[in-house]
Amino acid sequence: RNGQLLDKTALACDVGVSSKAVASWLSVLQVSNQIVLLEPWFANVGKRLVKTPKLYFCDTGLLCFLLGITESILLDSPFVGGLWETFVFAELRKAIAWSNIPKTLWFYRDAQGREIDFLCLGGGYSSMIECKWKETAETSDTRWMQDIERMAKGKRLPDFQTTRSFILCRTPASFPLANGTTVLPVSDLPLVLEPRR
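Numbering of residues begins from 1 in every chain and follows the order in which that chain's sequence is written. Given that this is a predicted model, residues contribute local features only at a pLDDT of at least 70 and side-chain atom pairs are listed and counted only at 80 or more, while totals for whole chains, interfaces and linings are drawn from all residues. Where side-chain values are given, they derive from all heavy atoms of the structure, hydrogens and water being excluded.

Points about the layout of surface pockets
Part 1 of the reasoning: Put simply, the largest pocket is a space of about 440 Å³.
Part 2 of the reasoning: Cavity: a set of points on a 1 Å grid over the protein atoms alone where a 1.4 Å probe fits but cannot get out. Pocket: an open set with protein on both sides within 12 Å along at least five of seven lines, its lining residues, like those of a cavity, having an atom within 4 Å of a point. Lining the largest pocket are 21 residues, and of these Arg-1, Asn-2, Leu-11, Leu-55 and Phe-57 lie nearest its centre.
Part 3 of the reasoning: Labels follow the DSSP assignment, with helices taken as runs of H or I lasting at least four residues and strands as runs of E lasting at least two, numbered in each case from the N terminus. Contributions of two or more residues to the lining of the largest pocket are made by helix H1 (8-15), helix H2 (19-31), strand E3 (54-57), helix H3 (60-67) and helix H4 (80-98).
Part 4 of the reasoning: The element contributing the most residues to the lining of the largest pocket is H2, with four residues. Grid points are joined across faces, edges and corners, and a volume is the space filled by probe spheres set on the points.

And the structure:
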């Protein structure tokens, strides 16, 4: 369930306990910094937005252990994309903690299936971030970011006065796509927090 919308009722059914017990256990996992719940961004940009948080493990090493994933089978694992997203999320949280620019992290998803992995907002500046477990990226990977940016700017939302979009993948070096999105390696991740290039 890592990197997925949190459904306490379904989790309670799978484990065979009450939803109240699940909520209590999740609270302990949050306080002990084992998991983080990422809230959705749902300013009034459209109707029927998802308002359920996503669950992420804080430690990708522990997550791999719990999933039974070792280095030798990582590349063939069906969980590799979610592990990559979790790793990027952890690095984003660290970068924000070290930065002196106040930022908040969110995700976006609506009933039409449009989704952005992470929105980093603060001070009228926004970064939209997609995580891709591949060595390069292309403009087709940015389709939802372009849609959401147009929608937000059309409504003149203050968090989107200045917007940039990024794809974090396993590229060895950063490069721009034709539509203005920047493809970054994780080593350049702090660039997403900067107000301008």
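Notes on the state of the cysteines
Part 1 of the reasoning: Note on disulfides: each one is a pair of cysteine sulfur atoms within 2.5 Å. Counted under the stated rule, the structure contains zero disulfides.
Part 2 of the reasoning: Its sulfur unpaired, Cys-58 is 14 Å from the next cysteine sulfur, which belongs to Cys-64.
Part 3 of the reasoning: By relative accessible area, which is 18% here, Cys-64 ends up buried. Think of it in three bands: residues with accessible area under 20% of the maximum for their type are buried, residues over 50% are exposed, and the middle band is partly exposed, with areas taken using a 1.4 Å probe on protein chains only.

A few points about empty space enclosed by the protein
Part 1 of the reasoning: A full pass over the atoms with the stated rule returns one cavity of 30 Å³ or more.
Part 2 of the reasoning: Size it by volume and the largest cavity reaches roughly 30 Å³.
Part 3 of the reasoning: Along the walls of the largest cavity sit Arg-1, Gln-4, Leu-5, Leu-6, Asp-7, Leu-11 and Leu-55, which together make up its complete lining.
Part 4 of the reasoning: Gly is put with the polar residues, along with every residue not named as nonpolar or charged; the nonpolar set is Ala, Val, Leu, Ile, Met, Phe, Trp, Tyr, Cys and Pro, and the charged set is Asp, Glu, Lys and Arg. Broken down by class, the residue content of the lining of the largest cavity amounts to four nonpolar, one polar and two charged.

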